[in-house]
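Listed here are the chains, written in short residue letters.
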Amino acid sequence: MLIHPWDQGQTDDQWIDFVRAQGFAQLVAGGYGRLYPVIVPTQFVMMSPRDIVLHLARPSPIWAAIEENPTVALSVAGDWAFIRSDWKAIGEEDPRRGVPTTYYAAVQLICTATVFDDIEVKAAILDAQLLESQPGVDAIDPEEHGTLLKGIRGLGLRIHDVRDKFKFGGNVDTAHRIAIRDRLVEQGGAAAGAVAHIDIGQ
């Protein structure tokens, strides 16, 4: 993806916090010599700034692609909001001349994938996902699901490259960013996620 200097993430904590907060992404495996990559939407857990775990159904077509080429991408995107053309005009500026755009955060993690079929490892991955998704909820040990565990495979992703983009008006001055932030606050709803990313210099 195109990343202008003003959209580049400023710190590792910025992209790490965003990825952890989203917890859902598109896993992309290109395989080798394929016409199309295999793309699977999935939940995941970030165990450390460089390690992610998840599980997928055994019949998923992604396993063959990973066997061909273990380098995969995990594409995380969110906190998006459409910015109307007239919102980009302040003071005496003509709102008809505003250029609409979309604000969003996107992080692409390039990883090496490791497949796990060991029952104990798969159960540990499920434990980590349950702890992340439903903390405090009483549930049986995943190993007690017995034969159901045979229907999934575990996947570990070791991150070795990060492409992060936070497109939230970094190319305009503070006054324009404040004006757009205020419009998004008024709009509410899904736009709330974008508001937190807008830097107004405070």
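The notes below deal with the structure included here. Every chain is numbered independently, its residues counted from 1 as its sequence is written. Since the coordinates come from a predicted model, pLDDT governs what is reported: local features require at least 70, and pairs of side-chain atoms require 80 or more to be given and counted, while whole-chain, interface and lining totals use all residues. Hydrogen atoms and water are omitted, and side-chain values are computed over all heavy atoms in the structure.

## Notes on the nonpolar core
So, point 1. Membership of the largest hydrophobic core comes to 43 residues, with the highest contact counts inside it found for Trp 15, Leu 109, Leu 157 and Leu 184.
So, point 2. A run of H or I in DSSP counts as a helix once it spans at least four residues, and a run of E counts as a strand once it spans at least two, with each numbered from the N terminus. Looking at this core, the element that brings in the most residues is strand E6 (residues 101–116), giving six residues.
So, point 3. By definition, residues are in contact when any of their heavy atoms lie within 4.5 Å. Leaving out residues up to four positions away in the same chain, Trp 15 has contacts with Met 46, Pro 49, Arg 50, Val 107, Leu 109, Ile 159, Val 162, Asp 164 and Phe 166. Buried Ala, Val, Leu, Ile, Met, Phe, Trp, Tyr and Cys residues form a nonpolar core when they are joined through side-chain atoms within 4.5 Å. Accessible area is worked out with a 1.4 Å probe on protein chains only. A residue is then buried under 20% of its type maximum, exposed over 50%, and partly exposed in between.

## Things to note about the sheet that holds strand E1 (residues 24–29)
So, point 1. At least two bridges found by DSSP between two strands are what make those strands a pair. Reading across from one edge, E2-E1-E5-E6-E7-E4-E3 is the order of the seven strands in this open sheet, with antiparallel pairing throughout. Looking at which strands have only one partner, the edges of the open sheet turn out to be strand E2 (38–43) and strand E3 (45–48). Across the sheet, the axes of successive neighbouring strands diverge by a mean angle of 35 degrees, strand direction being ignored.
So, point 2. By the bridge criterion, six bridges tie E1 to E2 in an arrangement that is antiparallel. Within E2, the residue paired with Phe 24 across the bridge is Gln 43.
So, point 3. The angle between two axes is taken between their N-to-C directions and runs from 0 to 180 degrees, where each axis is a line fitted to C-alpha atoms and a helix contributes only its stretch in contact. Together, E1, E3, strand E5 (71–83), E6 and strand E7 (152–167) form the strand contacts of helix H1 (residues 12–22), whose direction differs from that of E5 by roughly 90 degrees.

## Considering the environment of Gly 151
So, point 1. Residue position: Gly 151 is located in the loop between helix H3 (119–133) and E7.
So, point 2. Separated by 83 residues in sequence, Gly 151 and Glu 68 have C-alpha atoms that sit 21 Å apart.
So, point 3. When residues no more than four places from it in sequence are discounted, the contact partners of Gly 151 are Leu 56, Ala 57, Arg 58 and Pro 59.

## Focus on the environment of Ala 21
So, point 1. With respect to the helices and strands, Ala 21 occurs in helix H1.
So, point 2. Residue class for Ala 21 comes out exposed when judged on its relative accessible area of 62%.

## Let's talk about H1
So, point 1. Restricting attention to buried positions, one finds in H1 the residues Trp 15, Ile 16, Phe 18 and Val 19. Looking down the long axis of H1, one finds its buried residues gathered within 165 degrees of arc, a one-sided arrangement. Of the residues in H1, the exposed ones pointing more than 90 degrees away from the buried face are Asp 13 and Ala 21.
So, point 2. Tucked inside the fold, the buried residues of H1 contact E3, E5, E6 and E7.
So, point 3. The positive-phi residue at the C-terminal boundary of H1 is Gly 23, with phi of around 65 degrees. Within this analysis, the arc is defined by the directions that extend from the helix axis to the C-beta atoms.

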